[in-house]
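The residues making up each chain are set out below.
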Amino acid sequence: MININCEMMSWPEYQQHIEQGAAVFLPVGAHEQHGPHLPMATDAIFSQRICERVALPLGGIVLPVQRYGYKSQARSGGGQTFCGTVSLDGATLTNTVLDILRELARHGVKQCVIVNGHVENQWFLIEAIELVQRELAALNQSMKVIRAEYWDFTPEGVYEQIFAGDFPGVDLEHAALIETSMMLYLHPELVRQGLIPNDPLAQFPPYDVYPQNGRGVPKSGVLAPAADASAEKGELLVNSICNSMIEGLRADLDKKASV
Ligand SMILES: [Zn+2]
């Protein structure tokens with residue numbers, strides 16, 4: 001097995017990859033409740049595993065996963081009312097990722113891919129990327145940064161196949177059929193099989209109220225039915241997402257790095 005995890009490399013091994021033009025992947029997740037049946041690291045685990053599968057055929061390497069994300073919101077993750085969820089302020093997440101990007105630029109990295117596994121992180125990642133681009137431009141330097149939410153790579157037709165026409169949307173799929181299926185495929189030992197809930201679809205008004213009060217969020221923290229999850233559905237999701245991400249990124253990354 002080729003070692004593509006930066007944290008297990010020595011610095012000269014890492015430097016060799018960078019000198020060869022390797023794309024550096026940064027998985028970003030969250031430490032967030034994912035129902036009674038999935039680990040709180042679910043988003044971090046998915047972004048890391050997807051990065052590994054995608055980086056390998058593209059000649060890329062993978063940084064340690066950013067394990068903490070932006071605050072959970074009721075309509076996409078159940079919100080901040082659950083015991084266990086540990087979230088960052090937006091500025092903290094932006095500054096953490098900005099610091100990482102500055103270091104990559106200092107190493108001479110020319111292309112970086114941020115793979116996000118937690119809906120609420122999106123704009124804070126974008127801000128970090130925008131800020132590093134402004135800094136580098138002022139120094140006449142450049143580093144291409146690609147940001148991707150893994151679920152956007154799900155090929156057309158896969159949701160229809162899995163949900164038989166009843167797909168509730170990515171936000172409401174928190175800890176539900178998609179994430180449970182993916183975990184059953186990637187890490188079945190981490191799924192508490194007897195505890196998979198089957199709550200009805202959460203109902204929310206089209207606005208948010210603060211302070212967060214958990215209104216409309218099922219007690220389980222799972223926003224859509226999960227009982228039909230299976231390892232087969234997870235395999236279809238993970239493989240089709242990774243394949244279309246590999247194909248998409250191959251077109252945008254410097255060809256020298258591809259193997
Ligand atoms: Zn999740």
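Let me begin by describing the structure that accompanies this report. From a predicted model like this one, the values you see are computed outputs, not experimental measurements. Each chain has its residues counted from 1, running along the sequence as written. Given that the model is predicted, a residue must reach a pLDDT of at least 70 before its local features are reported, and side-chain atom pairs must reach 80 or more before they are shown or counted; all residues, however, enter totals for whole chains, interfaces and linings. As a convention, hydrogens and water are excluded, and side-chain values are obtained from all of the structure's heavy atoms.

### A look at empty space enclosed by the protein
To find leftover empty space, a probe the size of one water molecule is rolled over the atoms. Only protein atoms enter the 1 Å grid used here. Points where a 1.4 Å probe fits but cannot escape make up a cavity, open sets with protein on both sides within 12 Å along at least five of seven lines make up a pocket, and a residue lines them when an atom lies within 4 Å of a point. Grid points are joined across faces, edges and corners, and a volume is the space filled by probe spheres set on the points. By the definition in use, this model includes two cavities of 30 Å³ or more. Taken as a whole, the largest cavity holds about 200 Å³ of empty space. Forming the boundary of the largest cavity are 20 residues, of which Val 119, Tyr 150, Trp 151, Val 170 and Glu 179 lie nearest the centre. Counting from the N terminus, the helices are DSSP H or I runs at least four residues long and the strands are E runs at least two residues long. Those elements that provide at least two residues to the lining of the largest cavity are α7 (177–186) and α8 (231–252). Classifying every residue of the lining of the largest cavity by side-chain character gives eight nonpolar, six polar and six charged. Size it by volume and the second largest cavity reaches roughly 150 Å³. What lines the second largest cavity is a set of 13 residues, and nearest its centre among them are Ala 74, Asp 208, Val 209, Asn 213 and Arg 215. Counted by class, the lining of the second largest cavity contains six nonpolar, four polar and three charged residues. Three classes are used: nonpolar for Ala, Val, Leu, Ile, Met, Phe, Trp, Tyr, Cys and Pro, charged for Asp, Glu, Lys and Arg, and polar for all others, with Gly counted as polar.

### A look at the environment of Ile 162
Considering the arrangement of structural elements, one finds Ile 162 in helix α6 (residues 158–163). Overall, Ile 162 belongs to the buried group, its relative accessible area being 7%. Ile 162 sits 15 residues away from Leu 177 along the chain, and the two C-alpha atoms are 8.8 Å apart. Once residues lying within four places of it in the same chain are set aside, the contact partners of Ile 162 are Leu 177, Lys 233, Leu 236 and Leu 237. Each residue's exposure class comes from its accessible area (1.4 Å probe, protein chains only) as a fraction of the maximum for that residue type: buried when under 20%, exposed when over 50%, partly exposed otherwise. Working rule for contacts: check all heavy atoms of both residues, and any pair within 4.5 Å makes them a contact.

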